Amino acid sequence: MSKKIDIDLLDGGGDSLYVKERKVYPRDVHGKLDRLRRLAVWWLLGMFYVFPWLRWDDRQAVLFDLPARQFHVFGLTFWPQDFSFLALLLIILALTLFFVTAVAGRLWCGFACPQTVWTEVFLWMERWTEGDRAKRMKLDAGPWNREKLLRKGAKHLLWVVFALWTGFTFVGFFTPITGLAARVWPFAWNGWETFWVLFYGLATLGNAGFLREQVCKYMCPYARFQSAMFDRDTLIIAYDPMRGEPRGPRRRGVGSVAQRGRALLEKFTAYDYVFRAAKHPSAADSRAQARGTITFDVASEEAAPLPRFAPEELGDCIDCTMCVQVCPVGIDIRNGLQYECIACGLCVDACNDVMDKMGYERGLIRYTSQNAIDGEPTRVLRPRILVYGALLLALIVAFAWGIGTRSTLIADVLRDRNALYRVVGDSVDNVYTLKLVNKTDAARQYRVTVESANAAITLRGGDSQQVQAGPSQVLSVPLELTAPGDTRGRHDVTFVIESADGSARETVDSSFFGPM
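Residues numbered from 1 in each chain as written. Predicted model: local features only at pLDDT ≥ 70, side-chain atom pairs only at ≥ 80, totals over all residues. Heavy atoms only, no water.

### Some points on the sheet that holds strand S15 (residues 490-499)
Filter applied, for reference: When DSSP finds two or more bridges between a pair of strands, those strands are recorded as paired. A helix here means a DSSP run of H or I that spans at least four residues, while a strand means a run of E at least two residues long, and both kinds are numbered starting from the N terminus. Comment: axis = line fitted to C-alpha atoms, over the contacting stretch for helices; angle = value between 0 and 180 degrees taken between N-to-C directions.
Taken together, the four strands give an open sheet; going across it, the order is S13-S11-S15-S16, and neighbouring strands pair in antiparallel fashion. Each edge of the sheet is formed by a strand with only one pairing partner; in this case those strands are strand S13 (464-469) and strand S16 (505-513). The sheet shows a mean angle of 25° between the axes of neighbouring strands, taken without regard to direction.

This is the structure:
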C-alpha cells in the first residue's frame, strides 16, 4: 500500500470535503426585494452604530455597564435582580423567530441576521473597488499586476477599517464610547478594551469578508432545523416549474406560456424536467456553477437528458441563470427549496427583470407557498400559527406589564452575625444591616419603619428612620431594634421601606431575638 491516494478522489469539481470552497461572486441586482433588503441593512446598522452615541438624562442611552452591574436602555435601567426579564425577552425572541419562520420562512436570515447584514456591506465595498461579478471573476483569475494589487489592497483596507470600527462600536456598548474615543490618541485603552476591539473586528472581517455564506451553510444551526418549522403553507422563495419548464433559450418575440395559450405542465412532468435538468446541466448552468445540496427522492436513479424542444414548446424560463448569478450563497433555486437558501429574494428581482425584458408576466420565481406553486389553496391561519401567535402575545403582554410595574427599589435586611442579641441596661437590642438599592436615575428619600405583633419592639431613635439615596446608589444602612429587658424568645418583625412620594414600597421579614 505504498500508493498515495488523492484526497480529491471524488472528482475535480470541489465536492470533496477536503477541497476548498469555490468563491461565490454574487451579481448586483436591483428590485423591490433588494430595496427592502438595503433598507433593512441601513436601519439595523444605523441602530448599531448610532445608539452608543445617543445621550439620555446626561448618560449614554444604551450602555451595559458591567462593573456597576447596571444595564441602561434609554429610560430604563436594569439590575442583576431583573435577570428574569432577560430570560423572558430571550423566550420572546425565540418564539418570534418560530412564528415568523412558520408564516414567512427565513425572513430573519435574508433581511435581519447580522451575518447577512455585515456580509452585504462587505460586498458593497468589494463591488466598489473590484467591480461587478464578471470583473471580480476576471480579476481573481488574472495574474498579479499593479491594477490587481491596488484594487485588492483598497478592498482589504476598507474591510479592515470597517471591521475595526465595528469592534470599537461593540466595545462602546460596554464602555462609555465618548471616553473610549477620547483615549484613542494618545492611545490609552486598557488591555481588555484593546483585546475586544481587535477580537470583534477580526471576527467581523473573517465572517463577513471571507467565510460569508459558509457561516450560513456550516456554522449556523438555524438552516438545519428550519424544516421542523416549515410546512407546505409557509411562504418561501420558489420557482414555478409548471410554468417555467421545459427551460431553454429562445429569441425575442416568442410569447410567454400565457401569451401562447400553452397550458401549464402537469406537476409530475414539470418536476421530472427539473430533475433531469439538474442531472444534466446546460452549458449556461455549468458556467453559473450553482452549488446547492438539493436531494431528490430518486437521486440515485439515472435520468435521460432533456430533449431539444421547439421554441413554442418551451416554458417561460429562458435558462439565463441570472437567478444563480445573483444568489449570495450560489444555489440554483430552480432545483427547489434548499437549506442554503436564506430567502433574500434577489433571485426574484433578477427573474422579474428578465421577464420584463422578454415581455413575459412576472412571478416565475416568487415569494409564495409550496401549495400555491402546486395549484392548491394556501392557509395562512393554521393551528401552529394560532398557537405561536397566542403564546407570543401573552409573553409580550407579560413582559410589558412586568417592566411597567417593576419596583424601583431593592431592599434586603441582614442580621448581625456576631451576636444574636445584646442586653443594654434594661433593654434588649438586635442589630441589622439594610441593603438598599435606588434603581431610579434620580435621588430618592426613603422612610424605614418596623411592624411586629409585639408593639414593644421599635427602632432605636424613633418610630422611623430616614434614608437618602442618590441616583442608582447602593447603600448599606445600619439599623437597630430595641425592646424592653423582659422580652424573651423569638419574635417576627417586618421592615417596611417606602419612598417619600409613595411610588415604591418593599417589605422584608426578619426576626427579633431576646434571652431564652
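### A look at the nonpolar core
Quick reminder of the rule: What we call a nonpolar core is a set of buried Ala, Val, Leu, Ile, Met, Phe, Trp, Tyr and Cys residues that are connected through their side-chain atoms within 4.5 Å. Residue burial is assigned from relative accessible area. The probe radius is 1.4 Å, only protein chains are included, and a residue is buried under 20% of its type maximum, exposed over 50%, and partly exposed in between. Throughout, a residue-residue contact means that at least one pair of heavy atoms, one from each residue, lies within 4.5 Å.
Grouped together as the largest cluster of nonpolar side chains are 35 residues, with contacts concentrated most on Ile237, Ile333, Cys347 and Ile365. For this core, the elements supplying multiple residues, two or more each, are strand S6 (235-239), helix H15 (322-325) and helix H16 (346-358). With eight residues, H16 is the largest single contributor of residues to this core. When neighbours within four sequence positions are excluded, Ile333 is seen to be in contact with Ile237, Tyr239, Cys323, Gln338, Cys341, Cys347 and Ile365. One finds Ala483, Val493, Val508 and Phe512 within the second-largest nonpolar core, a separate group that totals 25 residues.

### Structural notes on empty space enclosed by the protein
Condition: Using protein atoms alone on a 1 Å grid, points that fit a 1.4 Å probe yet trap it form a cavity, whereas open point sets bounded by protein on both sides within 12 Å along at least five of seven lines form a pocket; residues with an atom within 4 Å of a point count as lining. Grid points are joined across faces, edges and corners, and a volume is the space filled by probe spheres set on the points. All residues other than Ala, Val, Leu, Ile, Met, Phe, Trp, Tyr, Cys, Pro, Asp, Glu, Lys and Arg, Gly among them, are scored as polar; the first ten of these are nonpolar and the last four charged.
Following the criterion strictly, the structure yields seven cavities of 30 Å³ or more and no others. A volume near 140 Å³ is recorded for the largest cavity. Lining of the largest cavity is provided by 13 residues; of these, Thr119, Arg212, Glu213, Pro328 and Ile342 occupy positions nearest its centre. Among the elements of the structure, helix H4 (114-130) and helix H9 (213-219) are those that each provide at least two residues to the lining of the largest cavity. Sort the elements by how many residues they give to the lining of the largest cavity and H4 lands first, with five residues. Its residues assigned to classes, the lining of the largest cavity shows six nonpolar, three polar and four charged.

### Side note on the pattern of salt bridges
Quick note on the threshold: Salt bridges are counted wherever a side-chain nitrogen of Lys or Arg sits within 4 Å of a carboxyl oxygen of Asp or Glu.
Applying the stated criterion across every chain, the model contains 35 salt bridges. Notably, a salt bridge pairs Asp231 with Arg384, separated by 3.8 Å at the nearest N-O pair. Here Asp231, found in the loop between helix H10 (222-225) and S6, pairs with Arg384, found in helix H18 (residues 383-405); they are 153 residues apart in sequence, far enough to count as distant. Residue Arg384 is classed as partly exposed on the basis of its relative accessible area of 27%. Salt-bridge contacts for Arg460 lead to Asp429; the nearest nitrogen and oxygen are separated by 2.8 Å. Of the two residues, Arg460 is situated in the loop between strand S12 (458-459) and S13 and Asp429 in strand S10 (residues 427-438); the sequence distance between them amounts to 31 residues.

### Observations regarding the sheet that holds strand S4 (residues 70-73)
One key point about sheets: their strands pair by backbone hydrogen bonds, in either a parallel or an antiparallel sense. Strand order in the open sheet formed by three strands is S3-S4-S5, with antiparallel pairing between adjacent strands. Two strands close off the open sheet at either side, each with one partner strand: strand S3 (62-65) and strand S5 (76-78). Looking at each pair of strands side by side, their axes are set apart by 15° on average, direction ignored. Sheet topology places S3 next to S4; four bridges connect them, and they run antiparallel. Pairing of Val62 across the sheet is with Val73, part of S4.

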